[in-house]
Amino acid sequence: MTTPARIAVLGAGLMGHGIAQVFAAGGHQVKVYDQAPDNLVSLQARIAANLVDVGGDPACASLVEGTQDLGQAVSTAEFIVEAVLEDLSIKQDLLARVEALAKSDAIIASNTSVMPITSIMRKLSHRGRALGTHWWNPPYLIPLVEVIGTEWTKPEVISSTIRLLSGLGKTAVHVKKDVPGFIGNRLQHALWREAISLVEHGVCDAETVDTVVKASFGRRLGVLGPLENADLVGTDLTLAIHRTVLPAIDHRPGPSPFLEQLVQDGHLGMKSGRGFRDWTGDAGQKRAQDVRTALKRQLTRAKTAAPE
């Protein structure tokens, strides 16, 4: 794949415009397809504002062009990223249309958090060029992209995708088996399941759970992964701990009834003012801004530390 490449992003929403921004900042020409005119009207302005916010060049937004014409978006693209709603039938139908309009050698990727890529790509005629790329939100602040192949994906498609993403400064990793949630979300939600269980069973309240994570092992996670940590303390000690604690950890196969009740009662988190914790007033907005500020600080640190 040549550089700069011709990129198509399907969806100009939260993830789509951020993915387009990353490609544009890397010097690639990007066409963004969306059926909603309002999303396209604000597309370049949102990208430019994000670039200013992270110390980038807002002029890169001019490399992004919005369109409501799917054929115009994908017909010349070398790499296509679908970033629409997390709905299997919507993704399948859109990608079937894309396949009929795209170049025969264009790589077709789906951005999804947990849905198996095999299910999404099953209806395509030429599945060897299709794969998953799980970007994290916001795409321009979180470096990781998980690259997921299916049983049909050609090895050169995976390697080409990883090269393209690495050239953007992303940390691209190969998920070798297509499983729901891939790697990151399986780890994240395993933690969330036990966190919810602790509150559900009265071990502590939600604030304490968050405090314990942030003030203990959470501080190590940026520099010491879980298996590095297991090796650091020793696999023998890890085994001894597991023999005691694993039988007591929540292992129900479905969601917690406590979580089900929260949703049923309309306690949907920051967007409703209450979830596991109270987010009335501007508390939710403040916490979201704290997260964004911390991520920007990490991005600046990473750029400063990068070799010339």
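Now for a look at the structure at hand.

Thresholds applied
- Residues numbered from 1 in each chain as written.
- Predicted model: local features only at pLDDT ≥ 70, side-chain atom pairs only at ≥ 80, totals over all residues.
- Heavy atoms only, no water.
- Helix = DSSP H or I, 4+ residues; strand = E, 2+ residues; numbered from the N terminus.
- Rg over C-alpha atoms; globule rule 2.2 N^0.38 Å.
- Buried < 20%, exposed > 50% of the residue type's maximum accessible area, 1.4 Å probe, protein only.
- Contact = heavy atoms within 4.5 Å.
- Areas by Shrake-Rupley, 256 points an atom, 1.4 Å probe, with all protein chains shown as cover.
- Lys, Arg positive; Asp, Glu negative; His and termini not counted.
- Charge placed at Lys NZ, Arg CZ, Asp CG, Glu CD.
- Phe/Tyr/Trp six-rings, centres within 6.5 Å; stacked < 30°, edge-to-face > 60°.
- Lys NZ or Arg CZ within 6 Å of the ring centre and 35° of its normal.
- Pairing = 2+ DSSP bridges.
- Right-handed = clockwise from strand over helix to strand, strands pointing away.
- Polar contact = N/O pair within 3.5 Å; in protein donor to acceptor, adjacent residues only side chain to side chain.
- Patch = residues over 30% accessible without salt bridge, like charges linked within 9 Å, V, L, I, M, F, W, Y side chains within 5 Å.
- Salt bridge = Lys/Arg side-chain N within 4 Å of Asp/Glu carboxyl O.
- Axes fitted to C-alpha atoms, helices over the stretch in contact; angles between N-to-C directions.

## Observations regarding the overall build of the protein chain
Helices and strands together make up the secondary structure of the protein chain, namely 13 helices and 8 strands. Since a compact globule built from 308 residues should have a radius of gyration of about 19 Å, the 21 Å found for the protein chain is in line with a globular shape. Of all 308 residues assigned to the protein chain, the portion counted as buried reaches 40%. Put simply, of all contacts in the protein chain between residues at least 6 apart along the chain, 65% involve residues at least 24 apart. Accessible surface, the protein chain: about 17100 Å² in total, of which carbon and sulfur atoms supply 57%. Here the protein chain holds 32 positive side-chain charges and 32 negative ones, and the gap between their average locations is 3 Å.

## A closer look at the packing of aromatic side chains
Overall, the coordinates contain 3 aromatic pairs when judged by the stated rule. Aromatic pair phenylalanine 23 and phenylalanine 79: ring centres 6.0 Å apart, planes at 50°, arrangement tilted. On the criterion of sequence distance, the pair formed by phenylalanine 23 in helix 1 (residues 14-25) and phenylalanine 79 in strand 4 (residues 79-82) is long-range, its members being 56 residues apart. Residue classification places phenylalanine 79 among the buried residues on the basis of a relative accessible area of 0%. Centroid distance phenylalanine 258 to phenylalanine 276: 6.1 Å. Interplanar angle 45°. Geometry classified as tilted. You can see phenylalanine 258 sitting in helix 12 (residues 257-264) and its partner phenylalanine 276 sitting in the loop between helix 12 and helix 13 (283-305), a full 18 residues away along the chain. Residue phenylalanine 276 is classed as partly exposed on the basis of its relative accessible area, which comes to 40%. Through a chain of ring-to-ring contacts, the aromatic side chains of Phe23, Phe79 and Trp135 assemble into a single cluster. The aromatic ring of tryptophan 152 is capped on one face by arginine 127, whose charged end is 4.4 Å from the ring centroid.

## Here's the deal with unusual backbone geometry
Between asparagine 137 and proline 138 the backbone carries a cis peptide bond, its omega angle lying at -5°. Position of proline 138 among the secondary structure elements: in the loop between strand 6 (130-135) and strand 7 (144-148). A positive phi is found at phenylalanine 182, a non-glycine position, where the angle reads about 60°. Assignment of secondary structure puts phenylalanine 182 in the loop between strand 8 (171-175) and helix 8 (184-200). Overall, phenylalanine 182 belongs to the buried group, its relative accessible area being 2%.

## Quick word on the pairing of strand 7
Of all 5 residues in strand 7, 4 are buried, a share of seventy percent or more. As paired strands, strand 6 and strand 7 are joined by 4 bridges and run antiparallel to one another. By the bridge assignment, histidine 134 is partnered in strand 7 with glutamate 146. In this sheet, strand 8 lies alongside strand 7 in parallel orientation, the contact comprising 5 bridges. Across the sheet, isoleucine 148 pairs through a bridge with valine 175, a residue of strand 8. Handedness of the strand 7-helix 7 (residues 155-167)-strand 8 crossover: right-handed.

## What to know about the environment of aspartate 34
Examined against the element boundaries, aspartate 34 turns out to sit in the loop between strand 2 (29-33) and helix 2 (37-41). Residue aspartate 34 is classed as buried on the basis of its relative accessible area, which comes to 11%. Put simply, aspartate 34 and alanine 73 are 39 residues apart on the chain and 9.5 Å apart in space, counted from C-alpha to C-alpha. A polar contact is formed between the side chain of aspartate 34 and the backbone nitrogen of alanine 36, at a distance of 2.8 Å. Within the structure, the side chain of aspartate 34 is placed 3.4 Å from the side chain of asparagine 39, a separation counted as a polar contact.

## A closer look at a nonpolar patch on the surface
A cluster of nonpolar side chains, Leu232, Val233, Leu237, Ile241, Val245 and Leu246, forms an exposed patch at the surface whose accessible area comes to about 520 Å². Those elements that provide at least two residues to the nonpolar patch are helix 10 (226-233) and helix 11 (235-245). Looking at the nonpolar patch, the element that brings in the most residues is helix 11, giving 3 residues. If you trace the backbone, isoleucine 241 turns up in helix 11.

## Remarks on the sheet that holds strand 8
Hydrogen bonds between backbone atoms are what pair the strands of a sheet, whose relative direction is either parallel or antiparallel. One open sheet accounts for 8 strands, arranged 3-2-1-4-5-6-7-8; its pairing is mixed. Every interior strand has two partners, whereas the edge strands, strand 3 (64-67) and strand 8, have only one. Between one strand and the next, the sheet's axes are offset by a mean angle of 25°, whatever the strand orientation. Relative to strand 2, strand 1 (residues 6-10) is paired through 5 bridges, and the arrangement is parallel. Along strand 2, the bridge assignment pairs valine 9 with valine 32.

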